[in-house]
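A closer look at the structure
One-letter residues, chain by chain:
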Amino acid sequence: MVEQIQPFEVISVPLPPKDAEVLTTACAYCTVACGYKVYRWPVGKEGGPKADQNALGIDFPTGGAMLPWISPSQHNIARHNGKPHHVVVLPDFDAKVVNPGGNHSIRGGTLAQKIYNPARPTRDRLVYPMVRVAGVLQPVSWDLATEVMAEVSKHVLAKYGEHAWGMKTYSYEYFENTYAISKLVNTSIGTPVYAPHDKPQNAEDAAGLDDAGVNSFAASYEDWGACDVAFLSGVDPYETKTILFTEWMMKGDQPDKKMIFVTPHRTMGVAYGQQNGGLWLPIIPGADTVLHLALARIIIENNWQDQEFIDNWVANQWDVESGYGRGTRNTRWQWRTTWGTFQSDWNDYRKFIMAEESAKLENAVRITGLPADLIRKAAELIAKPKPNGSRPKTSFMLEKGNYWSNNYMNSASLGALGLICGAGNRPGRVISRGGGHQRGGMGAGFSKGWLSPEKYPGRRKKALNVDRWVMDGNVRFMWVIGCTWFAAMLASQELQSRVHELVRGNPHQPRNVNKTHLVDTYKKRVDAGGMVLVDSDIYPVDPLNTQIADIVLPAAGWGEVDFTRCNSERRLRLYSAFNDPPGEAKPDWWAIAKFAQKMGFAGYDWKSSNDVFEESSRFSRGGVLSYHVLVTEAKREGRKAHELLRTLGTTGIQTPIRLVDGKLVGTKRLHDPSNKRGDIEGATVDQRWLYAFGTPSGRAVLLKTPWKFSGWIDFYEAVKPRKEKGEIWITNGRVNETWQSGFDDLRKPHLSKRWPWPWIVIHPDDAKPKGIESGDLVQGYNDEVFVQTGAPIGVLEKDLTFTELRKNGHIKVTSGQFVAVAIVSDEIRPGVAIASFNYPGAPANSLCHAVPDPVTGNYRYKLGRGVLSKVGASVYRTLLTEMSLKPRPII
């Protein structure tokens, strides 16, 4: 029986009075970070409908005019100084940058719903430190929790060393927090056992771009609006960076641009691009490198390359080999760029392309699964000169679908393709990541990667794989902050099971909250080979802190503390505090300081987040997120750096911030020669990559990427779907309405109904033989998930290849599964299904192989495989009020 749709409830939303406080902030979610204004006023008072009666200065109703209004999702009741206040979070309708005129995504439009309110779904926020006793979390004081953590840590460090103490944390959640984390990890503890939320070890995301000398966030949003052609590799910006797409790519200086989408999933942005003269290239997962090589060959054969740009900006043989010096190469970058496999000059690269078998069109068609005509058309769009002789202004964007399938080779080959088309350092001609999270990472000194026991071939230093180090039983104390850990990593269920075994499976479990008892019990556990696990978060995270963690710490987040960070065009803003944290929740920098003081470490006596921001600024010098000049100017003016930044509102300023003619000046794009070298004053640090590429010569390096490179091809052949078993590729992705694991969205009434269950999109050709229809519950199962074990040391080049690792007993075989609701649609390539990324309780990553790219150490998250089977019908086959099963490519 079909459920009857009930009439909509009429909801009244109060208007802010004229004297409402107004603060500025930015969106908490995607990398674009749209600007927002927060209106706050005491409960019991409201504004009127006339323009002179409300803070918006608008007559209500607006009569259909496109004027600011307040939706129910943009209002909430919060506590401020302990008293209830109305809070309205609206996009900044006066904005001139990022989201001009107040454009915003559905995620940002519901920001007010993430505010803690005990009468709303956010009532389950963590509010007290807790310790697990007899399997149940019990509230304790901050002093008790941190004293126990410190005593156990001292024991671990004294008896087992810094290699037995580790952290897994976000890399983006504000400069104040990440700096404090880095200071503890690198300076005070001095451990190499650290990894950010999205990687198993501490390294670069798109290392191929870094090695070419192209910064991953060199571009400004204006560049995506100014290009004639956008080549979008492994990304649909509409789904994941909505306002970058709708405000800049659909508009901008060149609204008639052509968009080329390389992805197996035809989403809304892809459909828009096709309708407007662009292309959809539904590639076989993992084959992007071959596409890039084939495109490069067509361009070279037709002499369409931008030769003037190549002559001026691409490294010659002397440039490639200069600047490295002699002796050992103990950084990842030096190892990759001096071993001779990848780097080349123009002549060498051209010879490589013409000799590379996979670059031949007939071979590329077979490997990528793309028609020859589509590949030719793409080459023409990105590089063929116009009838008047001018060149198309082409920009190249990459994201997870690119570098999360073949990490090094996909990013390196895309960089080379962009460079021969003349992109990299000019308006409308850029090579850049689209971005995932915002850019809130700030280090404190050099990491301790040199202490890692892992080695590249030739015994060169390699960052430690934290997942593997933990599973091998080497970690005795682990602190996780602000991430899901298990579901976000590969072979998710194997990792989760092993951590559960080390923590809860150990016989030494506390029976009361007496400090001495807790410390003694945890010491016995670590001495017996177990692990103590601490988790800091804002919500319960199942199973990480609901079932496993020993100590759970409540964090304060967006809107509860003054914080700072940049977006993907490096725009720095202040995220103002406007409501109280719940209970005893504290910012993570405060928790780090509390613990560090219990450990006896000096230098953690911060009183406010501004103190941390100002201290961290000197570590930003020399980096693309440098804000040190802002801090020095604030001190010169006799005010706090946060307060100076507050005056810049939602406009902020793009980093690196420079001092020019005595004024703070932002940097629109990196590598741009218009960033004159003479613009260096005061505390500004001169960096070549401001006005040239990030290499010793200032010229970009073309990187060769042979398809049958030994560090890739044997792994790829081993993880392809096995047709004899009925397997298909099962990759993962995101959609517009949900941010990451849905940690906030599942607590928002509107969005939780949109996606109340994890989804999987299946092509009709793959669904029909299994009897699967839209709305069915479907299991994805892989009975052969590969997991790398041990800490292999590379002596010979072949030592870290998949074949050799397997031969030497470093590959374990396990299994993985998840269940999701099917959406049967031809929007996905046949032979490929795509499941929701990191949805709670349905880890699509459990089907993927925890064997990292041997060149970069990063995982290949998109290369899952498995067998689909129907479990039964879900309620969503007939329930019309939740979870639409309609195809996504609707424009």
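To be clear, the structure that these remarks concern was listed above.
Report follows, based on the coordinates. Just so it is clear, the structure is predicted and the values come from calculations on it, not from any experiment. (Residues numbered from 1 in each chain as written. Predicted model: local features only at pLDDT ≥ 70, side-chain atom pairs only at ≥ 80, totals over all residues. Heavy atoms only, no water.)

What follows is about helix 16 (residues 407-420). The end-to-end C-alpha distance of helix 16, which contains 14 residues, comes to 21 Å, matching closely the 20 Å that a straight helix rising 1.5 Å per residue would cover. At the C-terminal side of helix 16, G422 shows a positive phi close to 85°. (Helix = DSSP H or I, 4+ residues; strand = E, 2+ residues; numbered from the N terminus. Expected span 1.5 Å × (residues − 1).)

Right, let's get into the sheet that holds strand 20 (residues 563-566). In space, the three strands of this open sheet follow the order 20-21-22, with antiparallel pairing throughout. Lying at the two open borders of the sheet, with one neighbouring strand each, are strand 20 and strand 22 (653-654). With four bridges joining them, strand 20 and strand 21 (residues 571-575) adopt antiparallel strand pairing. Bridge pairing in strand 21 places F563 opposite Y575. Relative to strand 20, helix 2 (residues 175-189) is tilted by about 90°, and along the sheet it contacts strand 20 and strand 21. (Pairing = 2+ DSSP bridges. Contact = heavy atoms within 4.5 Å. Axes fitted to C-alpha atoms, helices over the stretch in contact; angles between N-to-C directions.)

Pairing is mixed in the open sheet, where seven strands are placed in the order 6-5-19-18-17-7-8. This sheet does not close on itself; its edge strands, each paired only once, are strand 6 (136-139) and strand 8 (194-196). When the angles between neighbouring strand axes are averaged without regard to direction, this sheet yields 20°. On top of the sheet, helix 2 reaches strand 7 (165-169), strand 8 and strand 17 (477-481); it is set at about 160° to strand 7, its chief contact. Helix 21 (residues 588-599) rests against strand 7, strand 17 and strand 18 (532-537) of the sheet, and its axis sits at about 160° to strand 17.

Below, the discussion takes up the pattern of salt bridges. The final tally for this structure, using the stated rule, is 56 salt bridges. With its nearest N and O atoms 3.6 Å apart, the salt bridge here joins D92 to K37. With D92 in the loop between strand 4 (83-91) and strand 5 (130-133) and K37 in strand 2 (residues 35-42), this residue pair connects regions lying 55 residues apart in the sequence. No difference in accessibility class separates D92 from K37, as the two residues are buried. Between R877 and E773 there is a salt bridge, with its nearest N and O atoms 2.6 Å apart. (Salt bridge = Lys/Arg side-chain N within 4 Å of Asp/Glu carboxyl O. Buried < 20%, exposed > 50% of the residue type's maximum accessible area, 1.4 Å probe, protein only.)

With respect to the helices and strands, H265 occurs in the loop between strand 10 (258-262) and helix 7 (268-275). In contact with H265, not counting residues within four places along its chain, are V270, W280, V761, E827, I828 and I834.

Our next topic: a nonpolar patch on the surface. On the surface, I793, V795 and L796 cluster together into a nonpolar patch covering about 240 Å² of accessible area. Looking at the element boundaries, L796 is found in the loop between strand 28 (776-788) and helix 28 (802-807). (Patch = residues over 30% accessible without salt bridge, like charges linked within 9 Å, V, L, I, M, F, W, Y side chains within 5 Å. Areas by Shrake-Rupley, 256 points an atom, 1.4 Å probe, with all protein chains shown as cover.)

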